[in-house]
Amino acid sequence: MTISAFDHLACPLDGGPLLRQDANWTCAAGHSFDIARQGYVHLLPVQKKRSLDPGDSKAMVAARQRFLNAGFYQPIADAVTAATLEALPASASCLDAGCGEGYYLRRLAAAVPDEQTLALLGVDISKWAVLAAAKQDKRPGWTVGSNANLPVQSATLDRVLSMFGFPVYAEFARAIKPGGMLIEVDAGPDHLRQLREIVYPSLKPERAEERPAPAGFTGLPPQTVNFPLEINGVEQVADLLAMTPHGYRASAEGREKVAALSALSVTVDVRIRRWVRDDQVTSE
């Protein structure tokens, strides 16, 4: 197998192609972006930030890294990897849009067969997430950027992953090649239900959701990944809460209840939806 960094990057200021020159990426208009010593590049302009430090915090990224590296979500990673590799061209490219600390791209890279060449790019709005990803695997490209303005050239990706993230379908449609695929993973109705029952006074009724295909895509049958998870240890229970949105949405009382637990049994329930990019690409 050959794993490399995806290099069809686009300038976040004018959309033009970026070319790597020594320790920076530069476009024809003269915009230049330095490559950090850890190997990632920051392509989120200050004027497009909504806060000084957007995305997941350093503590949240560290909690997710510990939890995922312990293997708790490996069945999800295995299912996503299988969906990504199915019918993949021998030489292909894949973007994880909202890559976090890079767990799912690392699992994908580990499963690539010998005959496959795969260029990988992880994009996340959190500099802490991208820094953690770059420290763990130097082969993919890692970029601080936004799904609302993906720093990639149009129609250059065979696969895009959206893992529990914030999909921007028009941008995904622009970036994916005709016949390429968006693989979207969302929480199902029972996902971490036991944790949510602890931290919230009540849960809203869940409704079965039949999702229409986004513009420019055709849907394939969805897949469900559902399994029980036993978490033992105060630290691992705390990491689970901290890595999810429930960590900051919960009340102080809810967080205290979780902090008192030395073990927790939860259900993991996710939906994997596959959207194939239509053959006719138009400007979105």
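Refer to the structure above for everything that follows.
Asks: Just to check I follow, could you spell out the nonpolar core for this structure?
Replies: Residues Phe 67, Tyr 73, Ile 76, Leu 118, Leu 195, Leu 229 and Leu 240 are the most contacted members of the largest nonpolar core, which totals 54 residues. Non-local contacts of Leu 229, meaning those with residues more than four positions away in its chain, are made with Phe 67, Phe 72, Tyr 73, Leu 264, Ser 265, Val 266 and Val 268. Counting residues in hydrophobic clusters, the runner-up holds 26 residues, among them Phe 6, Cys 11, Ile 35 and Ile 176.

Asks: What is the right way to look at the side chain of Asp 96 in this model?
Replies: Mapped onto the secondary structure, Asp 96 falls in strand β6 (residues 91-97). Put simply, Asp 96 is tucked away with no salt bridge, and the nearest opposite charge, on Arg 106, sits 8.9 Å away. Not counting residues up to four positions away in its chain, the partners in contact with Asp 96 are Tyr 104, Leu 105, Leu 121, Gly 122, Val 123, Leu 161 and Met 163.

Asks: What is the right way to read the layout of surface pockets from this model?
Replies: Of the volumes computed, that of the second largest pocket is approximately 240 Å³. Taken together, 20 residues make up the lining of the second largest pocket; nearest its centre are Ala 5, Arg 20, Gly 39, Pro 140 and Gly 141. Here the lining of the second largest pocket gets three residues from one element, more than from any other, and that element is strand β8 (residues 141-144). For the lining of the second largest pocket, the residue count by class is eleven nonpolar, four polar and five charged.

Asks: Just checking my understanding: could you explain the pattern of salt bridges for this structure?
Replies: Pairing between side chains of opposite charge can happen when the charged atoms of each approach one another. Across all of its chains, the model carries twelve salt bridges by this definition. For Arg 64, the salt bridge goes to Asp 56, with nearest N and O atoms at 2.8 Å. Beyond isolated ion pairs, a larger network of salt bridges with shared partners links Glu 184, Asp 186, Arg 211 and Arg 273.

Asks: What should I look at first to understand the packing of aromatic side chains in this one?
Replies: What describes a pair of aromatic rings is the distance from one ring centre to the other and the angle between the planes of the rings. Evaluation of the coordinates by the stated rule reveals three aromatic pairs. Ring geometry for Phe 67 against Tyr 73: centres 5.5 Å apart, planes inclined by 85 degrees, an arrangement best described as edge-to-face. Phe 67 gets classed as buried once you look at its relative accessible area, which sits at 1%. With centroids separated by 5.0 Å and ring planes inclined at 80 degrees, the aromatic side chains of Tyr 103 and Tyr 104 adopt a geometry described as edge-to-face. The exposure class of Tyr 103 is buried, given its relative accessible area of 4%. One aromatic cluster in this structure is built from Phe 67, Phe 72 and Tyr 73. For Arg 277, the ring lying beneath its charged end belongs to Phe 217, and the centroid distance is 5.8 Å.

Asks: Help me understand the side chain of Asp 239 in this model?
Replies: In this structure, Asp 239 sits in helix α7 (residues 234-243). If we ignore the near neighbours within four places in the chain, the residues touching Asp 239 are Ala 63, Arg 66 and Phe 67.

Asks: Explain helix α4 (residues 127-136) here, please?
Replies: For an α-helix the count is 3.6 residues per turn, leaving residues at separations of three or four pointing the same way. Of the residues making up α4, those classed as buried are Ala 129, Val 130, Leu 131, Ala 132, Ala 133 and Ala 134. Against α1 (58-69), β7 (117-124) and β8 lie the buried residues of α4. For α4, the N-terminal capping position is held by Ser 126, with its side-chain oxygen 3.3 Å away from the main-chain nitrogen of Trp 128.

Rules behind the numbers
- Residues numbered from 1 in each chain as written.
- Predicted model: local features only at pLDDT ≥ 70, side-chain atom pairs only at ≥ 80, totals over all residues.
- Heavy atoms only, no water.
- Core = buried A, V, L, I, M, F, W, Y, C linked by side-chain atoms within 4.5 Å.
- Buried < 20%, exposed > 50% of the residue type's maximum accessible area, 1.4 Å probe, protein only.
- Contact = heavy atoms within 4.5 Å.
- Helix = DSSP H or I, 4+ residues; strand = E, 2+ residues; numbered from the N terminus.
- Lys, Arg positive; Asp, Glu negative; His and termini not counted.
- Salt bridge = Lys/Arg side-chain N within 4 Å of Asp/Glu carboxyl O.
- 1 Å grid on protein atoms, 1.4 Å probe; cavity = no way out; pocket = protein on both sides within 12 Å on 5 of 7 lines; lining within 4 Å.
- Points joined across faces, edges and corners; volume = space filled by probe spheres on them.
- Nonpolar A, V, L, I, M, F, W, Y, C, P; charged D, E, K, R; others polar.
- Phe/Tyr/Trp six-rings, centres within 6.5 Å; stacked < 30°, edge-to-face > 60°.
- Lys NZ or Arg CZ within 6 Å of the ring centre and 35° of its normal.
- Polar contact = N/O pair within 3.5 Å; in protein donor to acceptor, adjacent residues only side chain to side chain.

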